[in-house]
Amino acid sequence: MTPAAASRPAPLPEDRGPLSAAVLRVLRGGPAPEVTVAGADPLGEDLQLALYLAYEPHYRDLEGVAADREWDAGLLALRRPMEEAFLGALREAVPGGDDVTEALAPLLVEPVDGHGVSHRLMESGTWELMREYLVHRSPYQLKESDPQAWLIPRLEGQAKASLVAVAYDEFGAGRGERVHAKLFADLMEGAGLDPSYGHYLELVPATTLATVNVMSLFGLHRSLRGAAAGNFAVLEIASPPGARRMAKALERLGAEERCVRFFTEHIEADAVHEQVMRRDVLGGLLEREPGLAADVAFGIRATVWLDERWEGRVLTAWDHGRSSLRGTPRPAPGAPVEAPARAAS
């Protein structure tokens, strides 16, 4: 993908109900219509797409959307009640408490009988399912760590220094070709998918959008900085085992080296990041602000809950022979075909 293609504005999707229709109208320069979140499913298609679109001007250009929409009063007025509904649903879904060690404990043990999406792809995944997985991940991975960057000005001392050290690696350690979002675009292209930012948004369901929206929700509000730190810790702690399985899945499929590279990079980098996030970022934050412990634990639990909910939807669809997306991504001409299956090591 050329730099010019990578910088093209992202296309806007069709609405999925009155809330997303209202956001699209404001993004295109129209007045904010009268809509209410009352009765809307806070985790449903309409609200999650609306919230995703309301956040996007903070990140990238959108087709037909002026740059000053980012801070449009009408857009922010639409966004706030949706954020409150989403946040309320998360608080209701996960247990409370301020024990950060307890919240992290399940993430530090790799189950011997794991059966998540990466396990399925490693053991019996096809290129069709692999491409489906990549489409699910593209809304976040094509801007990897951008939502977490909002956390930098919210921290002080060792927590800030250590977070920046982690982010430095995520953003390529000073090398543009090694930025993780660029590596994911290379992976998509090698898998026969369009790596353009936002290209597959139309296909992505609410369960996926919620896992991305929670990062923006936490990152864009200083009052939720503890939850944002917990969210980022989960991403780094959970990454190496899953990345190892995904690398094996792609190797079994006979994928190109540029496809596998994205995951091997995460195996090496995130194994170190996990320690830094736990000891220096979370530890440093809580040493300065011990009153944020409940927020940190909430961020951890909410992130895990949303990820498990997403995995459940994907695996249920695959078990029934259905796509877990809202449609089927068309592979590009010359996309990889099925390789003879061989046992994963």
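All of the points below concern the structure found in this document. Keep in mind that what you see is a predicted model, and the values were worked out from it rather than measured.

## Digging into the packing of helix H6 (residues 117-124) against helix H12 (residues 225-252)
- For the pair H6 and H12, the least separation of the axes is 8 Å and the interaxial angle reads 25°. One finds that H6 runs roughly parallel with respect to H12. Judged by the sense of rotation from one axis to the other, the crossing of H6 with H12 is left-handed. Together, Ser118, His119, Leu121, Met122, Glu123 and Ser124 of H6 and Gly242, Arg245, Met246, Lys248, Ala249 and Arg252 of H12 make up the contact between the two elements.
- The residue makeup of the contact of H6 with H12, split by class, is 4 nonpolar, 4 polar and 4 charged.

## Focus on the pattern of salt bridges
- Scanning the model with the defined rule gives 19 salt bridges in all.
- Close ionic contact of Glu102 with Arg301 constitutes a salt bridge, the shortest N to O distance being 4.0 Å. With Glu102 in helix H5 (residues 100-104) and Arg301 in helix H14 (residues 293-319), this residue pair connects regions lying 199 residues apart in the sequence.
- Residue Glu177 is joined to Arg175 by a salt bridge in which the shortest nitrogen-to-oxygen separation is 2.9 Å.
- In this structure Glu177 comes out as partly exposed when scored by relative accessible area, which is 41%.
- Given a relative accessible area of 46%, Arg175 falls into the partly exposed group.
- What you see here is one network of salt bridges that share partners, running through Arg79, Arg80, Glu83 and Glu84.

## A closer look at helix H10 (residues 180-190)
- Burial within H10 is extensive, with 9 of its 11 residues counted as buried.
- Buried residues of H10: His180, Ala181, Leu183, Phe184, Ala185, Asp186, Leu187, Met188 and Gly190, and no others.
- Looking one or two residues beyond H10, the residue adopting positive phi is Gly192, at roughly 85°.

## Examining the packing of aromatic side chains
- Going through the model one piece at a time under the given rule, you end up with 5 aromatic pairs.
- Ring centres of Phe262 and Phe263 lie 5.0 Å apart, and the angle between their planes is 85°; this geometry places the pair in the edge-to-face category. No difference in accessibility class separates Phe262 from Phe263, as the two residues are buried.
- Chaining the aromatic ring pairs together yields one cluster made of Phe184, Phe262 and Phe263.
- For the cation-ring pair, Arg137 lies above Trp310, with the distance from its terminal atom to the ring centre recorded as 4.0 Å.
- The ring of Tyr59 has Lys143 sitting right over it, with the charged end atom 4.9 Å from the ring centre.

## Thoughts on unusual backbone geometry
- At Ser145, a position not held by glycine, the phi torsion is positive, near 75°.
- Along the chain, the position of Ser145 falls in the loop between helix H7 (127-141) and helix H8 (146-149).
- Of the residues examined, Ser145 reaches a relative accessible area of 2% and is grouped as buried.
- One non-glycine residue, Ala173, lies in the positive phi region at around 50°.
- Note on placement: Ala173 falls in the loop between helix H9 (157-170) and H10.
- Ala173 gets classed as partly exposed once you look at its relative accessible area, which sits at 33%.

Calculation notes
- Residues numbered from 1 in each chain as written.
- Predicted model: local features only at pLDDT ≥ 70, side-chain atom pairs only at ≥ 80, totals over all residues.
- Heavy atoms only, no water.
- Axes fitted to C-alpha atoms, helices over the stretch in contact; angles between N-to-C directions.
- Helix = DSSP H or I, 4+ residues; strand = E, 2+ residues; numbered from the N terminus.
- Parallel < 35°, antiparallel > 145°, perpendicular 65-115°, else oblique.
- Left-handed = near helix turned anticlockwise from the far one by under 90°.
- Contact = heavy atoms within 4.5 Å.
- Nonpolar A, V, L, I, M, F, W, Y, C, P; charged D, E, K, R; others polar.
- Salt bridge = Lys/Arg side-chain N within 4 Å of Asp/Glu carboxyl O.
- Buried < 20%, exposed > 50% of the residue type's maximum accessible area, 1.4 Å probe, protein only.
- Phe/Tyr/Trp six-rings, centres within 6.5 Å; stacked < 30°, edge-to-face > 60°.
- Lys NZ or Arg CZ within 6 Å of the ring centre and 35° of its normal.

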